[in-house]
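# Working through the structure, step by step
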Amino acid sequence: MKIRLNKFLSECGISSRRKSEEYIKTGRVSVNGEIITDFSFYVDPANDLVYLDGEKLKPEKKVYYLLNKPKGYITTTSDEKNRKKVTDLIKTKHKIFPVGRLDYNTTGVLILTNDGNFSNFMTHPSKKIPRVYHATLDKPLIQEHSDKLLKGIYLDGRKSKFEEVKIINVKNKKTVEVTTVEGRNHFVKRMFGQLGYFVKSLERVKFGIFTVEKLPYGYYREITPEEIEKVYRLYDK
């Protein structure tokens, strides 16, 4: 299957797609011995020979990891404050990045990969891939507020809601499970905050088909090709 030249360079781990376009425009990339300056040019990765500055390129192997994120780690690949990063927890020679974000002290399911297409698929709003969280609140959740969170409240100027709200601790009603298809920053915390609750702790227990039930905090495993196929099969609507 043919893909655009700039996308091919990006998949080879050379740089971002935008930087790849600069390489192409300045005549540093050749395809089958011919200099190509059009970054929308299509190549066949299986048959075409692509070179950058005389060095043959080939797509980087796609890798996928499922991490049970512990507290005290940030979900970025670099940090000017030199804080601990989730990428520090995974031993790999590949340049990986987290799929979406979890707050510094939020724990649970986090996917890391070098596959930009898969990352975009998992986080794109149109796919409506469910995320399930366990939240511990500073006070009991009353039924009226639970109903409001299901029907929708205004956040960022638009109506926002949870798909499900369940009380986990029936004695004090402070620990709840919520399901959302939203990926906005601090979404769960801000939703509760709109109704006067403070989220004391938050854990993502499920993202799509992925859970970390058998993984201790800070541990990870590779995601199988079968699991990747299942994700596309279930959510590519």
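## Focus: the packing of aromatic side chains
Two descriptors summarise a pair of aromatic rings, namely the distance from one centre to the other and the angle between the planes of the rings. For the structure shown, the criterion picks out 7 aromatic pairs. Measuring from centroid to centroid gives 6.2 Å for Phe 192 and Tyr 197, while their planes differ by 75 degrees, and the two rings are edge-to-face. Each of the two residues, Phe 192 as well as Tyr 197, counts as buried. Counting every residue linked through ring pairs, the aromatic cluster contains Tyr 64, Phe 118, Phe 121 and Tyr 232.

## Concerning the nonpolar core
Among the nonpolar cores identified, the biggest contains 30 residues, and Leu 137, Leu 141, Leu 149, Phe 162, Val 178 and Phe 192 are the most heavily contacted of them. Only β7 (64–69), β9 (107–113), β10 (131–137), β11 (153–155), β14 (175–180), α5 (187–194) and β15 (199–207) provide two or more residues apiece to this core. With 4 residues, the top contributor of residues to this core is α5. In this structure Leu 149 touches Leu 141, Lys 161, Phe 162, Val 165, Met 191, Phe 192 and Leu 195, once residues within four positions along its chain are discounted. Core analysis: the second largest hydrophobic core is formed by 17 residues, Leu 66, Ile 111, Phe 121 and Val 231 among them.

## Examining unusual backbone geometry
Positive phi, normally seen in glycine, also occurs at Asn 32, with a value near 55 degrees. With respect to the helices and strands, the residue Asn 32 is situated in the loop between β2 (29–31) and β3 (34–35). On the accessibility criterion, Asn 32 (47% relative accessible area) is partly exposed. The phi dihedral of Lys 173 falls on the positive side, at around 60 degrees, and the residue is not glycine. Among the secondary structure elements, Lys 173 is positioned in the loop between β13 (164–167) and β14.

## Let's talk about the pattern of salt bridges
Enumeration over the complete set of coordinates arrives at 14 salt bridges. One salt bridge connects Glu 182 with Arg 184, and the closest N-O pair in it is separated by 2.9 Å. Among the charged side chains, a network of salt bridges with common partners joins Asp 156, Arg 158, Glu 182, Arg 184 and Arg 190.

## Looking at a positive patch on the surface
Taken together, the side chains of Lys 56, Lys 58, Lys 61 and Lys 93 make up a positively charged region of the molecular surface. Within the fold, Lys 58 resides in the loop between β6 (55–56) and β7.

Cut-offs used in this document
Residues numbered from 1 in each chain as written. Predicted model: local features only at pLDDT ≥ 70, side-chain atom pairs only at ≥ 80, totals over all residues. Heavy atoms only, no water. Phe/Tyr/Trp six-rings, centres within 6.5 Å; stacked < 30°, edge-to-face > 60°. Buried < 20%, exposed > 50% of the residue type's maximum accessible area, 1.4 Å probe, protein only. Core = buried A, V, L, I, M, F, W, Y, C linked by side-chain atoms within 4.5 Å. Helix = DSSP H or I, 4+ residues; strand = E, 2+ residues; numbered from the N terminus. Contact = heavy atoms within 4.5 Å. Salt bridge = Lys/Arg side-chain N within 4 Å of Asp/Glu carboxyl O. Patch = residues over 30% accessible without salt bridge, like charges linked within 9 Å, V, L, I, M, F, W, Y side chains within 5 Å. Areas by Shrake-Rupley, 256 points an atom, 1.4 Å probe, with all protein chains shown as cover. Lys, Arg positive; Asp, Glu negative; His and termini not counted. Charge placed at Lys NZ, Arg CZ, Asp CG, Glu CD.

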